[in-house]
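Architecture at a glance
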Amino acid sequence: MHVIVLNGGSSSGKSSIARRLQELLPEPWLHLGADTMVGALPPWLLGGDGGIGGLEDGDGTVAVGPVFARLDAAWTLGVAAMARAGAPVVVDEVFLGGGASQQRWRAALEGLDVLWVGVRCDPAVAAAREAARGDRVAGMAAAQASAVHEGVAYDLVVDTSRTSAGDCAEAILARVAAGR
């Protein structure tokens, strides 16, 4: 296994699952994802000017501009290159474009052994986590809870509204150990 892709909405539990996977997997895996990418952007791309909007204020809807889209495409290819170079990667992603986002990742990861995991969470549970975190725009979790899964095919689906991040990670680990 080269790559585990965790796709889910904001506050669904992807990062918690990824951190637990890093503890459980028998070799070191990198944890890279949407927050890593956004954190690497220059501040002027947050909020407009072709970048990514909706992360700091708004109704929870995230808008992607052409500059962000170009950088995100390069990011995706870079993550794939790290996996090809021998660094196993847990990708913590939000498929804002649903199936189209997965297709972009599939193209980048072609030839690699990938486990596609859907991380679902009841919108009300995700919204409560979002409010408790205090670092997300209210409404983002609810807006993304279902939309990020539209048109996406998975090898495994976990639900963090009913199952702990640790138990979800254990289920993923079992799939990795079984060879998918």
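Residues numbered from 1 in each chain as written. Predicted model: local features only at pLDDT ≥ 70, side-chain atom pairs only at ≥ 80, totals over all residues. Heavy atoms only, no water.

All right, on to the overall build of the chain then. A tally of helices and strands in the chain yields seven helices and seven strands. When the helices and strands of the chain are read in sequence order from the N terminus, they spell out β-α-β-α-β-β-α-β-α-β-α-α-β-α. Residues classed as buried in the chain amount to 44% of the 180 residues present. Excluding contacts between residues fewer than 6 apart, the proportion of contacts in the chain whose partners are at least 24 apart in sequence is 76%. Accessible area for the chain stands at about 8200 Å²; split by element, carbon and sulfur atoms hold 55% of it. (Helix = DSSP H or I, 4+ residues; strand = E, 2+ residues; numbered from the N terminus. Buried < 20%, exposed > 50% of the residue type's maximum accessible area, 1.4 Å probe, protein only. Contact = heavy atoms within 4.5 Å. Areas by Shrake-Rupley, 256 points an atom, 1.4 Å probe, with all protein chains shown as cover.)

Take the packing of helix α3 (residues 66-84) against helix α4 (residues 99-108) next. It is at 9 Å that the axes of α3 and α4 come closest, and there the two elements cross at 40°. Classified by the angle their axes make, α3 and α4 are oblique. Crossing geometry of α3 relative to α4 is assigned as right-handed. Counted together, D72, A73, W75, T76, L77, V79, A80 and R84 of α3 and R104, W105 and A108 of α4 form the full contact between these two elements. Taken together, the residues of the contact of α3 with α4 break down into seven nonpolar, one polar and three charged. (Axes fitted to C-alpha atoms, helices over the stretch in contact; angles between N-to-C directions. Parallel < 35°, antiparallel > 145°, perpendicular 65-115°, else oblique. Left-handed = near helix turned anticlockwise from the far one by under 90°. Nonpolar A, V, L, I, M, F, W, Y, C, P; charged D, E, K, R; others polar.)

Turning to the pattern of salt bridges, a few remarks are in order. Scanning the entire structure with this criterion turns up three salt bridges. Put simply, R20 and E23 hold a salt bridge, and the shortest N to O gap is 2.6 Å. With R20 and E23 both in helix α1 (residues 14-24) and three residues apart, this pair spans about one turn of that helix. Exposure remark for E23: the relative accessible area of 56% places this residue in the exposed category. (Salt bridge = Lys/Arg side-chain N within 4 Å of Asp/Glu carboxyl O.)

Turning to the packing of aromatic side chains, a few remarks are in order. Note on aromatic pairs: each is described by the distance of the centres and the angle between the planes. Applying the stated criterion across every chain, the model contains zero aromatic pairs. A cation sits over an aromatic face here: R106 above W116, 4.8 Å from the ring centre. (Phe/Tyr/Trp six-rings, centres within 6.5 Å; stacked < 30°, edge-to-face > 60°. Lys NZ or Arg CZ within 6 Å of the ring centre and 35° of its normal.)

What follows is about α3. The terminal C-alpha atoms of α3, which comprises 19 residues, lie 27 Å apart, in line with the 27 Å expected from a rise of 1.5 Å per residue. Listed in full, the buried residues belonging to α3 are F68, D72, W75, T76, V79, A80 and A83. Buried residues of α3 fall within an arc of 135° about the axis and therefore sit on the same side. Away from its buried face, by an angle of more than 90 degrees, α3 presents the exposed residues P66, R70 and L77. Phi turns positive one or two residues past the end of α3, at G86, with a value near 110°. (Expected span 1.5 Å × (residues − 1). Arc of directions from axis to C-beta.)

In terms of nonpolar packing, the biggest core is built from 22 residues, with V3, V5, W105, L109 and W116 touching the most fellow members. Among the secondary structure elements, those contributing two or more residues to this core are β1 (3-7), α3, β5 (89-93), α4 and β6 (114-120). Among the elements that line this core, the one with the most residues is α3, at five residues. Residues in contact with L109, not counting those within four places in the same chain, are V3, V5, A80, R84, V114 and W116. The next biggest cluster of nonpolar side chains, apart from the first, holds 18 residues, and it includes I17, V117, A169 and L173. (Core = buried A, V, L, I, M, F, W, Y, C linked by side-chain atoms within 4.5 Å.)

It is worth stressing that arrangement in space is one thing and function is another; only the former is reported here.
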